[in-house]
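Residues per chain are reported as follows:
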Amino acid sequence: MTHIHIIGIGGTFMGGLAAIAQQAGFKVTGCDAKMYPPMSTQLETLGIRVHEGFDTAQLDEFAADVYVVGNVAKRGMDVIEAILNRNLPYISGPQWLAENVLHQHWVLAVAGTHGKTTTASMLAWVLEYAGMGAGFLIGGVPQNFNVSARLPQNESPFFVIEADEYDTAFFDKRSKFVHYRPRTAILNNLEYDHADIFPNLAAIETQFHHLVRTIPGEGLIVANARSGSLKTVLDQGCWTPVAPFGDNAHWQIANVQPDGAFDVQYQGETVGHIAWDLLGNHNRLNALAVIAAAQHVGVRVEHSCQALSQFKNVKRRMEIKGIANGITVYDDFAHHPTAIETTLAGLRQKVGSARIIAVLEPRSNTMKLGTMSAALAGSLKDADQVFCYAGGVDWDVASALAPLGSKAHIGKQFDDFVNRIAAAAQAGDHILIMSNGGFGGIHEKLLAQLAA
């Protein structure tokens with residue numbers, strides 16, 4: 001049995017890779033710094049041993065045949081320096097996945113700045129509902145499956161993957177998705193993000209065009225017609241048929257109802273209806289993309305609509321964590337101004353005039369750098385009160401949120417920050433907590449205070 005040891009196993013991608021490798025018959029161990037759910041829970045359930053930290057001693061404890069290196073690993077880390085000095089075999093996660101799993105499957109890849117996890121989860125569920133048993137690797141835990149990754153079932157040829165534009169590894173600075181070689185690709189949207197590795201939007205567009213170059217002429221690109229940046233990417237050269245969705249495109253949204261239901265149109269004709277409780281126009285656009293991609297592998301539109309009507313969304317996507325004394329607490333992964341704005345808009349549509357308290361942790365690399373600070377206040381406009389945790393942030397959060405006036409509250413001491421949110425909350429409020437990390441267990445702490 002080949003033993004792989006995964007450096008950075010706690011990330012959503014690497015944790016999913018670990019699950020797939022174990023299912024494929026590999027012995028799997030790994031290491032990471034402090035971990036948190038859902039990936040810590042998933043690895044524990046799978047019985048995969050995890051070493052805490054990036055020290056050298058683990059190389060003796062877990063003497064592997066190959067070390068699979070995640071992009072959290074940097075030069076200067078003890079374990080990485082030891083791997084290099086000892087000339088031990090290593091490979092990136094995306095390359096390992098491509099060589100050991102993806103090369104033998106019809107890959108359906110979901111790329112874009114926003115919505116990759118939700119859209120990939122929708123697509124995997126549609127194929128499951130259609131009896132296709134696709135494999136998948138998703139950067140979250142779809143509640144229709146309760147796992148983030150699995151191999152294809154019953155010899156299915158299909159594999160759905162969340163295709164991330166972040167770089168691959170310290171020794172491979174290409175985007176992860178160039179390794180995946182999809183036959184069907186969804187390009188959901190494209191904005192500037194990942195300011196820690198991309199100097200500007202054009203640099204990200206270049207990586208997306210590298211992806212486009214790998215898609216065969218007999219494949220399909222499902223592209224958001226609203227995105228000027230995606231048009232720029234495709235105008236650089238495209239050798240694959242394109243199915244556009246959104247405004248003035250082949251696939252369109254129509255007749256949106258107050259409860260979230262809507263019709264699906266293709267070239268002006270109504271071809272389906274989706275009745276679900278997902279919030280926001282961004283999720284309706286995600287659905288259009290999924291329907292087009294699923295049709296490419298043989299799923300009828302009506303079956304896709306039936307499946308999406310039973311879609312349960314992903315953990316940490318507007319997930320209700322609890323209700324205490326009439327106050328509802330949500331958890332959401334939003335950490336980019338556009339995602340924050342669309343998430344709040346969806347919640348506002350749901351709750352009407354009820355008060356929304358937005359709680360934000362600027363934790364992503366881009367947010368920590370303050371690159372998006374100018375757009376932050378505008379993205380929070382639908383909230384009645386805003387609490388932003390500035391602990392560990394070097395830029396001036398107060399100045400960035402100054403346009404919000406008295407409804408903005410900044411905190412740097414975590415316990416005091418939680419106390420202030422609890423004191424401000426009233427029965428009937430909706431507290432939306434947004435972070436791409438564990439946020440110090442704030443959801444449970446806040447619920448406990450609200451219930452006291």
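This one's a predicted model, so the numbers in the text were calculated from it and none came from an experiment. (Residues numbered from 1 in each chain as written. Predicted model: local features only at pLDDT ≥ 70, side-chain atom pairs only at ≥ 80, totals over all residues. Heavy atoms only, no water.)

**Here we look at the domain arrangement of the protein chain**
Selection criterion: Annotation comment: domain bounds sourced from an automatic or database domain assignment.
Domain boundaries assigned for the protein chain yield domain 1 (3-91), domain 2 (105-310) and domain 3 (319-451). Taken over C-alpha atoms, the centre of domain 1 sits 33 Å from the centre of domain 3.

**Comments concerning the sheet that holds strand β2 (residues 27-32)**
Heads up, the rule is: Paired strands, as defined in this entry, are two strands with at least two bridges between them according to DSSP. Strands here are runs of E lasting at least two residues and helices are runs of H or I lasting at least four, both read from the DSSP assignment and numbered beginning at the N terminus. Angles run from 0 to 180 degrees between N-to-C directions of axes, and those axes are lines fitted to C-alpha atoms, restricted for helices to the stretch in contact. When checking whether two residues touch, look at their non-hydrogen atoms; a contact exists if any pair is within 4.5 Å.
Strand order across the open sheet formed by five strands is β3-β2-β1-β4-β5, with parallel pairing between neighbours. Only two strands of the sheet have a single partner each, and these edge strands are β3 (49-52) and β5 (90-92). On average, each strand axis in the sheet is inclined to that of its neighbour by 25 degrees, with strand direction left out of account. Looking at chain direction, strand β1 (residues 3-7) and strand β4 (residues 66-69) are connected through four bridges and run parallel. Bridge pairing links Ile6 to Val68 in β4. Along the sheet, helix α5 (residues 93-100) makes contact with β1, β4 and β5, crossing β5 at roughly 90 degrees.

**Here we look at the UniProt feature "domain: Mur ligase N-terminal catalytic" (unreviewed entry) in the protein chain**
Our working rule: UniProt positions are given in the numbering used here, feature names are shortened, and annotations may be inferred rather than shown by experiment.
Within this structure's numbering, the places UniProt gives as "domain: Mur ligase N-terminal catalytic" (unreviewed entry) are residues 3-102. Across residues 3-102, the secondary structure splits into 40% helix and 22% strand, with the terminal C-alpha atoms separated by 19 Å.

**Some details on the UniProt feature "domain: Mur ligase central" (unreviewed entry) in the protein chain**
The sites that UniProt annotates as "domain: Mur ligase central" (unreviewed entry) are residues 110-294. Between the C-alpha atoms that bound residues 110-294 there is a distance of 12 Å. The span itself is 26% helix and 25% strand.

**What about the side chain of Arg284?**
Spelled out, the test is: Partly exposed describes any residue whose relative accessible area lies between the buried limit of under 20% and the exposed limit of over 50%, with all areas from a 1.4 Å probe on protein chains only and scaled to the type maximum. We count Lys and Arg on the positive side and Asp and Glu on the negative side, and we leave His and both chain ends out. By definition here, a salt bridge exists when the distance from a side-chain nitrogen of Lys or Arg to a carboxyl oxygen of Asp or Glu is within 4 Å.
With respect to the helices and strands, Arg284 occurs in helix α9 (residues 281-296). Buried Arg284, no salt bridge; nearest opposite-charge side chain is Asp259, N-O distance 8.4 Å. If sequence neighbours within four positions are ignored, Arg284 has contacts with Ile253, Val256, Gly260, Phe262, Trp276 and Gln349.

**Concerning the side chain of Lys407**
For clarity, the threshold we go by: Two N or O atoms count as a polar contact when they lie within 3.5 Å, although within protein this holds only if one can serve as hydrogen donor and the other as acceptor, and sequence-adjacent residues are included solely when both atoms are side-chain atoms.
Within the secondary structure, Lys407 sits in the loop between α14 (397-400) and β22 (408-411). A distance of 3.4 Å separates a polar atom in the side chain of Lys407 from the backbone oxygen of Lys381. What Lys407 contacts, discounting residues up to four positions off in sequence, is Leu380, Lys381, Ala383, Asp384, Gln385 and Val386.

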